[in-house]
Amino acid sequence: MYIAVEEGRVSVEDARNSRDFHVEVPSDMTERELDEVLRAQDFGYVRGARAFILTRRIEYAAEDVTAMVDYASSKGWIDEDGKALQAHIVRR
């Protein structure tokens, strides 16, 4: 599963693939612009060089993400509130 961000739009893609979680953005999008889009769409935020995607947004798109969230939690890839999963940013 990955989060696609383009020109103010955010979508969940390949929702059945729970093994590859990242955020895809245009190559010229800055982290600040990404943060603004994620916040405006109520999808998450950027901290440092990582995106944090709200788990409730992922749960809307995929049927069972419990195992993915549990795995991310066990690795420390979740924010301090336990409400957003960390994802690396891939530039296209």
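None of the values given here were measured: they were computed from a predicted structure.

K.L.:
Break down the environment of Arg 56 for me, citing the residues and quoting the values.
P.N.:
Along the chain, Arg 56 turns up in helix α2 (residues 55-61). Taking C-alpha positions, Arg 56 is 8.8 Å from Phe 43, a pair spaced 13 residues apart along the chain.

K.L.:
Can you lay out the sheet that holds strand β3 (residues 22-25) for me, pointing to particular residues and giving the numbers?
P.N.:
Across the sheet, which stays open at both edges, the 6 strands sit in the order β2-β1-β3-β6-β5-β4 with mixed pairing between neighbours. Two strands bound the open sheet, and with one partner strand each, they are β2 (9-13) and β4 (44-47). Strand-to-strand twist in this sheet, taken as the mean axis angle between neighbours without regard to direction, amounts to 30°. Strand direction decides the pairing type here: strand β1 (residues 2-6) and β3, joined by 3 bridges, are parallel. If you follow Tyr 2 over to β3, its bridge partner there is His 22.

Scoring rules and cut-offs
- Residues numbered from 1 in each chain as written.
- Predicted model: local features only at pLDDT ≥ 70, side-chain atom pairs only at ≥ 80, totals over all residues.
- Heavy atoms only, no water.
- Helix = DSSP H or I, 4+ residues; strand = E, 2+ residues; numbered from the N terminus.
- Pairing = 2+ DSSP bridges.
- Axes fitted to C-alpha atoms, helices over the stretch in contact; angles between N-to-C directions.

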